[in-house]
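# What the coordinates show
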Amino acid sequence: MSGRTRAEPCPPSRRQQSLPEGAGPVRTCVGCRARAAKADLVRVVAVEGVCVPDPTGTLPGRGAHLHRDPECLARAERRKAFPRALRVSGPLDTERLHAVVAPKQRGHGSEQQYLASRK
């Protein structure tokens, strides 16, 4: 046994925190592994070896979800979570994600400017 008594349960971790009822679809962030409402995360897909943000959720293929937090992106890159989550062999370029996740820190435009440039 671990020595922990039944009278002292473990406190809930960030991953075990429950979401309010009716919060909609729930997804897991590939960076911090915390569960969150789908609307709070950015969907990411792999297109020709590049991680592409998919804010509308309409691009085909397997998707991974990420918080709009630079720490989550850095953690996902450090753990090599994108190739594993998207089931792609080899490294993926994540430069486009930096433009969406941390536009103020990296000096890039906002997500709307990025989407407008893609049209």
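Residues numbered from 1 in each chain as written. Predicted model: local features only at pLDDT ≥ 70, side-chain atom pairs only at ≥ 80, totals over all residues. Heavy atoms only, no water.

## Some remarks on the side chain of Thr 94
Topologically, Thr 94 is positioned in the loop between helix 2 (81–86) and helix 3 (95–101). What makes Thr 94 buried here is its relative accessible area of 12%. Separated by 2.4 Å, the side chains of Thr 94 and Glu 77 make a polar contact. With residues up to four places along the chain from it excluded, the contact list for Thr 94 reads Cys 51, Glu 77 and Phe 82. (Helix = DSSP H or I, 4+ residues; strand = E, 2+ residues; numbered from the N terminus. Buried < 20%, exposed > 50% of the residue type's maximum accessible area, 1.4 Å probe, protein only. Polar contact = N/O pair within 3.5 Å; in protein donor to acceptor, adjacent residues only side chain to side chain. Contact = heavy atoms within 4.5 Å.)

## Observations concerning the environment of Val 47
Mapped onto the secondary structure, Val 47 falls in strand 3 (residues 41–47). As a C-alpha pair, Val 47 and Gly 61 span 14 residues in sequence and 8.7 Å in three-dimensional space.

## Here's the deal with the pairing of strand 5 (residues 63–67)
Each regular strand shows side chains that alternate between the opposite faces of the sheet. For strand 5, a buried count of four out of five residues is recorded, marking the element as mostly surrounded by other parts of the structure. Where strand 3 meets strand 5, five bridges bridge the pair, whose relative direction is antiparallel. Bridge assignment links Leu 41 to a residue of strand 5, and that residue is His 67. (Pairing = 2+ DSSP bridges.)

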